[in-house]
Amino acid sequence: MRDKSGHFKKGNKEGFITNRPKALKALVGIRLTPQDKEALKNVPDWQERIREYIQVLIRNDGE
């Protein structure tokens, strides 16, 4: 359900629901060159691939 201004009300049934075991809530920032940023955007499924690689880094090098 939406309020008068068009925003979703808390606890509504129309909101986004993830099919992941854990919701993605934390943000990580990284600085890139503008050229690398544009090239990255052209890689298919780049965001999910980076998430997978982060898990590999944590598994191999994390504490």
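Up top you'll find the structure we're talking about.
Analysis parameters
- Residues numbered from 1 in each chain as written.
- Predicted model: local features only at pLDDT ≥ 70, side-chain atom pairs only at ≥ 80, totals over all residues.
- Heavy atoms only, no water.
- Helix = DSSP H or I, 4+ residues; strand = E, 2+ residues; numbered from the N terminus.
- Buried < 20%, exposed > 50% of the residue type's maximum accessible area, 1.4 Å probe, protein only.
- Areas by Shrake-Rupley, 256 points an atom, 1.4 Å probe, with all protein chains shown as cover.
- Salt bridge = Lys/Arg side-chain N within 4 Å of Asp/Glu carboxyl O.
- Patch = residues over 30% accessible without salt bridge, like charges linked within 9 Å, V, L, I, M, F, W, Y side chains within 5 Å.

Visitor: Can you help me understand the overall build of the protein in this one?
Guide: Per the secondary structure count, the protein includes two helices and zero strands. The 63 residues of the protein split such that 0% are buried. Here the protein has roughly 6,700 Å² of accessible surface; of this, 55% comes from carbon and sulfur atoms.

Visitor: Looking at this structure, I do not really get unusual backbone geometry. What am I missing?
Guide: Excluding glycine, most residues fall at negative phi; most peptide bonds, likewise, are trans. The backbone phi angle of D45 is positive, close to 55 degrees, even though this residue is not glycine. With respect to the secondary-structure elements, D45 resides in the loop between α1 (34-41) and α2 (46-61).

Visitor: Which parts of the structure should I look at to understand the pattern of salt bridges?
Guide: Between side chains of opposite charge, a pair can form when the charged atoms approach closely. Under the defined criterion, the tally for this structure stands at three salt bridges. E48 is paired through a salt bridge with R51; the nearest N and O atoms lie 3.0 Å apart. Of this pair, E48 and R51 are both found in helix α2, three residues apart, which corresponds to roughly one turn of the helix. Among the charged side chains, a salt-bridge network with shared partners connects R20, E48 and R51.

Visitor: What is the right way to look at a nonpolar patch on the surface in this model?
Guide: The grouping of I50, I54 and I58 at the surface amounts to a nonpolar patch, some 240 Å² of accessible area in total. Relative to the elements of secondary structure, I54 occurs in helix α2. Residue I54 is classed as partly exposed on the basis of its relative accessible area, which comes to 38%.

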